[in-house]
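# Structure assessment
One letter stands for each residue in the lines below.
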Amino acid sequence: MMVYWILSESVPIMVVLSWLSVNVYLFIDTFCWYTKEEAYFYTRVILGSTLAWARASAVCLNFNCMLILLPVSRNFISLVRGTSMCCRGPWGRQLDKNLKFHKLVAYGIAVNAAIHIVAHWFNMERYHLGQAKDAGGLLAALSKLGNAPNESYLNPVRTWYTSTTTELLITVSGTTGLVISLALILIMTSSSEFIRQSSYELFWYTHHVFIVFFISLAIHGGGRIVRGQTPESLQLHNVTFCRDRYAEWQAAALCPVPQFSGKEPSAWKWALGPVVLYACERIIRFWRFQQKVVITKVVSHPSAVLELCMKKHDFKMAPGQYIFIQCPSISSLEWHPFTLTSAPQEDFFSVHIRAAGDWTEALLKAFGAEGQARQELCSMPRLAVDGPFGGSLMDVFHYHVSVCIATGIGVTPFASLLKSLWYECCESQSLPELSKVYFYWICRDAGAFEWFADLLLSLETRMSEQGKAHLLSYRIFLTGWDENQAIHIALHWDESLDVITGLKQKTFFGRPNWNDEFKQIAYDHPSSRIGVFFCGPKTMSKTLQKMCHLYSSADPRGVHFYYNKEHF
Amino acid sequence: MGQIEWAMWANEQALASGLILITGGIVATAGRFTQWYFGAYSIAAGVLICLLEYPRGKRKKGSTMERCGQKYLTTVVKLFGPLTRNYYVRAVLHFLLSVPAGFLLATILGTVCLVIASVIYLLAAIRGEQWTPIEPKPKERPQVGGTIKQPPTNPPPRPPVEARKKPSVDEEEAASAGGPQVNPIPVTDEVV
């Protein structure tokens with residue numbers, strides 16, 4: 001188990017280190033090549049070391065642009081996860097961190113783009129200076145190449161009487177370079193966490209500028225501005241011997257005029273595979289859009305929460321997964337992700353949607369959740385569903401004891417899990433390893449309890465019917481209340497059912513004391529493997545991780561807490 | 001896209017443009033490019049823009065994530081009153097600041113980004129948005145005895161809370177203002 005735990009903690013580090021080392025290798029290898037390669041000797045006379053900087057960062061850019069589309073090819077990831085045996089456990093969980101990897105690669109693109117752009121600013125300036133009247137001997141001779149009929153040019157800037165800006169904008173490479181940079185900047189400014197949270201739609205729509213990005217990237221190298229000596233010319237014109245004899249190039253047969261050609265564009269070769277793969281993803285999404293989704297039940301819960309129960313042909317899910325939903329009558333372009341709240345054993349799948357923005361509010365209105373007259377099911381707006389995607393919470397079943405902690409709306413994946421747990425224990429009569437589930441829900445608003453409280457109530461009654469009441473132990477923590485509520489709670493303190501939820505288990509007030517909780521669990525289950533699953537904010541995640549380390553015993557036979565944070 | 005606050009994105013875009021202008025300016029000045037003085041200008045303009053845009057404005061709905069340490073700059077930016085509050089002014093300012101940087105290759109990217117930020121600010125201004133500083137919440141000093149409620153005005157036996165709350169405010173005022181004590185629930189003496 002210790003090996004398992006070391007492996008699961010080190011896989012993300014290994015992935016990042018391998019990505020970083022490939023980048024560093026490509027950069028240094030290309031850099032050294034362009035610094036030493038003879039064919040680029042004359043180019044280096046004009047440009048200096050910035051040629052190598054620009055080319056090395058370009059290769060890294062190619063590599064990262066190839067990678068960036070892979071983590072968001074969700075069907076591809078689901079395929080990899082489903083088919084290969086090696087993708088269980090720690091490797092499978094790594095696939096769940098796809099968005100983190102996407103962001104990492106994006107930062108890689110940003111850094112390399114910055115190096116590339118700065119290097120090319122220098123390059124353009126130096127090309128321009130090569131045409132200056134006071135340019136020194138070899139530099140001037142090289143810059144004049146191309147003026148005579150049989151010569152191929154080296155310096156793309158042909159005259160001093162121009163500006164570097166103009167020279168940039170008249171070339172394909174320059175203009176596409178500007179377009180690519182702009183696209184990248186627009187994508188990055190609209191993808192900050194603040195913008196994603198305050199306006200998901202802006203982030204979603206602006207991100208599609210990546211189409212412009214990739215098209216421009218493919219034609220960016222087409223200008224063939226970076227030029228090196230052709231192999232044939234290298235054979236006839238020995239650089240080491242001829243570089244000082246530039247005055248004699250036109251005349252002497254020893255040193256014929258060197259010929260140059262531009263490098264073929266190669267970005268498209270790197271990016272073609274992933275672009276095709278991603279195009280397939282969007283085609284699959286379109287095909288799924290065409291598939292019929294039958295809405296079987298619509299429930300409007302308090303606190304502006306809408307529950308949609310649907311059926312779709314061949315839909316198979318696992319607890320903890322999510323789907324994308326599109327409602328063409330609201331917006332024909334937007335797909336929004338929602339976690340599934342039904343169990344795999346049920347013959348329908350459901351989501352609970354909270355009104356949190358334009359699209360969700362419009363959806364609630366469309367389904368009559370805002371107090372309008374009840375609508376017939378056949379007059380409901382049509383929905384399209386893509387998915388399910390994401391890692392599953394099935395790992396919960398593989399521990400002796402599992403502790404599930406959720407805050408606020410983060411309870412949704414656990415709703416699916418708890419339902420699944422009920423089916424597993426009450427219908428199949430046996431659970432492989434799991435003997436106890438602790439569930440903690442920390443919530444600010446009592447109103448949000450309603451839909452989940454029903455689930456807990458039915459679980460509570462059915463488990464006690466089956467004699468399995470000991471399997472699930474849950475604690476609900478209410479962290480926000482006003483004085484009236486406090487008075488009401490105090491008055492009904494001694495009753496057997498909780499006044500807020502109606503459950504036998506009383507609601508706690510304030511935040512949980514994790515030290516006490518973990519201490520108690522460790523005491524109750526010595527020498528057990530305990531999995532801790534959390535869905536919620538980062539600060540609490542850090543606290544819980546610390547608790548897991550603190551209360552895991554140093555003895556390999558003692559109690560061990562294994563922390564799993566999932567992004568849902 | 002109805003409820004999006006464009007100023008939030010304009011702010012991110014302008015801040016990024018400021019940084020790009022500074023970078024381009026440093027490269028041009030350090031490398032002594034032709035017309036490098038435009039680079040020196042870009043550094044100054046970039047710094048001004050970053051200082052102006054660093055403090056994030058308050059969102060109309062919901063909570064706003066403050067940038068680290070922005071409260072010092074918030075006080076400075078707030079001093080300029082309508083000049084910094086109004087997004088039309090910001091749109092025009094950014095547009096004007098971007099123009100000189102457009103003459104140099106190293107800063108042209110910053111120019112284009114800043115023009116885009118200016119356009120988004122114009123859109124925000126047309127929609128009536130404006131910059132509101134994020135004020136720190138005044139610390140509520142715990143007032144000693146402030147939460148202690150008034151003792152009950154009627155002697156025991158007292159009816160429970162629900163019954164006590166039933167009479168309307170007027171009746172309560174009449175009851176407690178003057179005259180003899182009137183019990184809300186008739187109390188009978190059990191003595192036979």
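Residues numbered from 1 in each chain as written. Chains lettered and ligands numbered in written order. Predicted model: local features only at pLDDT ≥ 70, side-chain atom pairs only at ≥ 80, totals over all residues. Heavy atoms only, no water.

Another aspect to go through is the overall build of chain B. Tallying secondary structure elements over chain B gives eight helices and zero strands in all. Counting over 192 residues, chain B shows a buried share of 38%. Of the contacts formed within chain B by residues at least 6 apart in sequence, a portion of 74% connects residues at least 24 apart. Summed over its atoms, the accessible surface of chain B is roughly 11,900 Å², and 65% of this surface lies on carbon and sulfur atoms. (Helix = DSSP H or I, 4+ residues; strand = E, 2+ residues; numbered from the N terminus. Buried < 20%, exposed > 50% of the residue type's maximum accessible area, 1.4 Å probe, protein only. Contact = heavy atoms within 4.5 Å. Areas by Shrake-Rupley, 256 points an atom, 1.4 Å probe, with all protein chains shown as cover.)

Across its full length, chain A carries 21 helices and 14 strands. The proportion of buried residues among the 568 residues of chain A is 51%. If you take every contact in chain A between residues at least 6 apart in sequence, the share linking residues at least 24 apart comes to 75%. Surface summary for chain A: the accessible area is close to 26,800 Å², and the carbon and sulfur share equals 61%.

The next point concerns the interface of chain B and chain A. Tallying the contact residues gives 34 residues for chain B and 34 residues for chain A. Roughly 2,900 Å² is buried in total at the junction of chain B and chain A, and carbon and sulfur atoms are behind 74% of that figure. Summed over the shared surface of chain B and chain A, the number is zero salt bridges. Where chain B meets chain A, there are five residue pairs in polar contact (both at pLDDT 80 or more). (Buried area = accessible area lost by both parts, 1.4 Å probe. Salt bridge = Lys/Arg side-chain N within 4 Å of Asp/Glu carboxyl O. Polar contact = N/O pair within 3.5 Å; in protein donor to acceptor, adjacent residues only side chain to side chain.)

Note: strands within a sheet are paired through backbone hydrogen bonds, in either parallel or antiparallel orientation. Residue and element names in this part refer to chain A. On the basis of which strands lie adjacent, the open sheet formed by three strands has the order 6-5-8 and antiparallel pairing. The outermost strands of the open sheet, each flanked by one partner alone, are strand 6 (336-339) and strand 8 (384-389). The mean inter-strand angle of the sheet, taken between neighbouring strand axes irrespective of direction, is 30 degrees. Both strand 5 (residues 322-326) and strand 8 contribute to a ladder of four bridges, which runs antiparallel. By the bridge assignment, Phe324 is partnered in strand 8 with Asp386. (Pairing = 2+ DSSP bridges. Axes fitted to C-alpha atoms, helices over the stretch in contact; angles between N-to-C directions.)

What follows deals with the UniProt feature "transmembrane region" (unreviewed entry) in chain B. Residue and element names in this part refer to chain B. Residues annotated in UniProt with the feature "transmembrane region" (unreviewed entry) correspond here to residues 12-30, 36-54 and 103-124. Structurally, residues 12-30 is divided into 100% helix and 0% strand, and its ends, taken at the C-alpha atoms, are 27 Å apart. Across residues 103-124, helical content stands at 91% and strand content at 0%; the span's end C-alpha atoms are separated by 28 Å. (UniProt positions renumbered as here; feature names shortened; annotations may be inferred.)

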